[in-house]
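# Observations on the model geometry
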Amino acid sequence: MRTLLAADIGGTNSRFALFTGPSSHDLTLVKRVWLPTAQARSFAELLTMLAASDLGPDPSQVDAAVIAVAGAVEAGTRCAPVNIPWNLDLARPGEAVVPGRTWLINDFVAQAFACRTPVMDAAQLVVPPAPHAH
């Protein structure tokens, strides 16, 4: 059984979700937790808050972690997020949830990946597409 931690780090709240499944292609949401981003002085401190939450296992015990953040991601490991007074750098001690198995991605990239999952089966059309000549 694999365990994955997914996170969306925002200026107001940071949302974390724990998934388990027999493979990375067949995951089930186990639990999620929201934490106020402004209460953390660093990403490492936010992870400490996460470990103290009721999410489940210690974050470092998951098989892999994917962290989505608003802002340009450099080399897959660093970001200076908008609306957050601190930077993320997975090379700094305490910032890689699972060293060697933590990925930092832009939040729009995360949305694009979500389009390729079964969650899209439940999506509802809000505005019908309009054809454009160009």
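Report on the accompanying structure. (Residues numbered from 1 in each chain as written. Predicted model: local features only at pLDDT ≥ 70, side-chain atom pairs only at ≥ 80, totals over all residues. Heavy atoms only, no water.)

## Section: the sheet that holds strand 4 (residues 64-69)
Ordered by their spatial adjacency, five strands build an open sheet running 3-2-1-4-8, and the pairing between neighbours is mixed. Every interior strand has two partners, whereas the edge strands, strand 3 (26-36) and strand 8 (102-106), have only one. With direction set aside, neighbouring strand axes in the sheet form an average angle of 20°. Here strand 1 (residues 2-9) runs beside strand 2 (residues 13-23); their pairing, made up of eight bridges, is antiparallel. Bridge pairing links Arg-2 to Gly-21 in strand 2. Contacting strand 1, strand 2, strand 3 and strand 4, helix 1 (residues 43-52) runs over the sheet at an angle of about 110° to strand 3. Helix 2 (residues 107-114) rests against strand 1, strand 4 and strand 8 of the sheet, and its axis sits at about 100° to strand 8. (Pairing = 2+ DSSP bridges. Helix = DSSP H or I, 4+ residues; strand = E, 2+ residues; numbered from the N terminus. Axes fitted to C-alpha atoms, helices over the stretch in contact; angles between N-to-C directions. Contact = heavy atoms within 4.5 Å.)

## What about the side chain of Asn-106?
Position of Asn-106 among the secondary structure elements: in strand 8. On the accessibility criterion, Asn-106 (19% relative accessible area) is buried. A polar side-chain atom of Asn-106 sits 2.8 Å from the main-chain carbonyl oxygen of Gly-71. A polar contact is formed between the side chain of Asn-106 and the backbone nitrogen of Phe-108, at a distance of 2.7 Å. What Asn-106 contacts, discounting residues up to four positions off in sequence, is Ala-68, Val-69, Gly-71 and Val-73. (Buried < 20%, exposed > 50% of the residue type's maximum accessible area, 1.4 Å probe, protein only. Polar contact = N/O pair within 3.5 Å; in protein donor to acceptor, adjacent residues only side chain to side chain.)

## So, the side chain of Thr-3
Position of Thr-3 relative to the elements: it lies in strand 1. Under the relative-accessibility criterion, Thr-3 is labelled buried at 18%. Among residues more than four places away in sequence, those in contact with Thr-3 are Leu-18, Phe-19, Thr-20, Val-62, Asp-63 and Ala-64.

## Side note on the pattern of salt bridges
Scanning the entire structure with this criterion turns up five salt bridges. As a salt-bridge pair, Arg-78 and Glu-74 come within 3.6 Å of each other at their nearest N and O atoms. Between Arg-92 and Glu-95 there is a salt bridge, with its nearest N and O atoms 3.2 Å apart. Judged by relative accessible area, Arg-92 falls into the partly exposed class, the value being 36%. Take Glu-95: its relative accessible area is 3%, and that puts it in the buried class. (Salt bridge = Lys/Arg side-chain N within 4 Å of Asp/Glu carboxyl O.)

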